[in-house]
Amino acid sequence: MLEEIKHVQATADLLHSEQQVEAAIDNMAQEINIALADRNPLLLCVLNGGIPTFGKLLTRLTMPLTIDSINASRYQNQTSGGSIEWLLKPETPLKGRTVLIIDDILDEGITLQAIYHYCRGQGAAAVYSAVLVDKILDHEKPLTADFVGLHVENRYLFGYGMDYKGYLRNAPGIFACKE
Ligand SMILES: O=P(O)(O)OC[C@H]1O[C@H](OP(=O)(O)OP(=O)(O)O)[C@H](O)[C@@H]1O
Ligand code: HPA
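Residues numbered from 1 in each chain as written. Chains lettered and ligands numbered in written order. Predicted model: local features only at pLDDT ≥ 70, side-chain atom pairs only at ≥ 80, totals over all residues. Heavy atoms only, no water.

1. Topic: the sheet that holds strand β2 (residues 42-46)
The six strands lie next to each other as β4-β3-β2-β5-β6-β7, forming an open sheet whose pairing is mixed. Both edges of this open sheet fall to β4 (85-88) and β7 (147-152), since each of them pairs with a single strand only. With strand direction ignored, the average angle separating the axes of adjacent strands in the sheet is 25°. Inspection of the sheet shows β2 paired to strand β5 (residues 98-106) by four bridges, in the parallel sense. Residue pairing for β5: Cys-45 is matched across the bridge by Ile-102. Here helix α2 (residues 18-35) sits on the sheet and contacts β5, β6 (126-135) and β7; the angle it forms with β7, its principal contact strand, is near 150°. (Pairing = 2+ DSSP bridges. Helix = DSSP H or I, 4+ residues; strand = E, 2+ residues; numbered from the N terminus. Axes fitted to C-alpha atoms, helices over the stretch in contact; angles between N-to-C directions. Contact = heavy atoms within 4.5 Å.)

Pasting the structure below:
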């Protein structure tokens, strides 16, 4: 397995450097600071891929806020998605809260849509979403994200939280696997 991971990393294309990703996160934070300034938001980290984006946004946000996590996994360390498995639900009551869901990637949008409906079902007053990457697809998605860092071509990606078979989430940039 580790040989495969090393090969994928060595042959991948760098699409966005660390510097470019950090600048995109700066922009997202600025937008969120304006849009949610007086909303006392509850930030939900979508485990596991959302961890870097969540952490990097967190210290750039200036309003009073609280945090929790959710884990709705669809890819289970594979490169194509299946049905959603709910591994963790937030402990914080969502009723009446403004929720900001933070994830690494909006691909088909199935995961974000499921989390959105979950939050609404729990009585959240408003549900926003922020994704580092919105993958450009040739068809409509079930929902759009409110805050997007980068729009990226339709290839299998890794880095900044996004994994290849569970690995390479720590890659310092956004990389695309060779076909
Ligand atoms: O838009 P979609 O096609 O639904 O895919 C996007 C989701 O897929 C990944 O999660 P994954 O299920 O791989 O879990 P992970 O966060 O642990 O990597 C990613 O973190 C998003 O949550
Ligand atoms: O391109 C991707 N890379 C990593 N994880 C993902 N989850 C959905 N799409 C992707």
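2. Comments concerning the UniProt feature "domain: Phosphoribosyltransferase" (unreviewed entry) in the protein chain
The feature "domain: Phosphoribosyltransferase" (unreviewed entry), as annotated in UniProt, sits at residues 15-164 in this numbering. From the first C-alpha to the last, residues 15-164 spans 16 Å; its make-up is 25% helix and 31% strand. (UniProt positions renumbered as here; feature names shortened; annotations may be inferred.)

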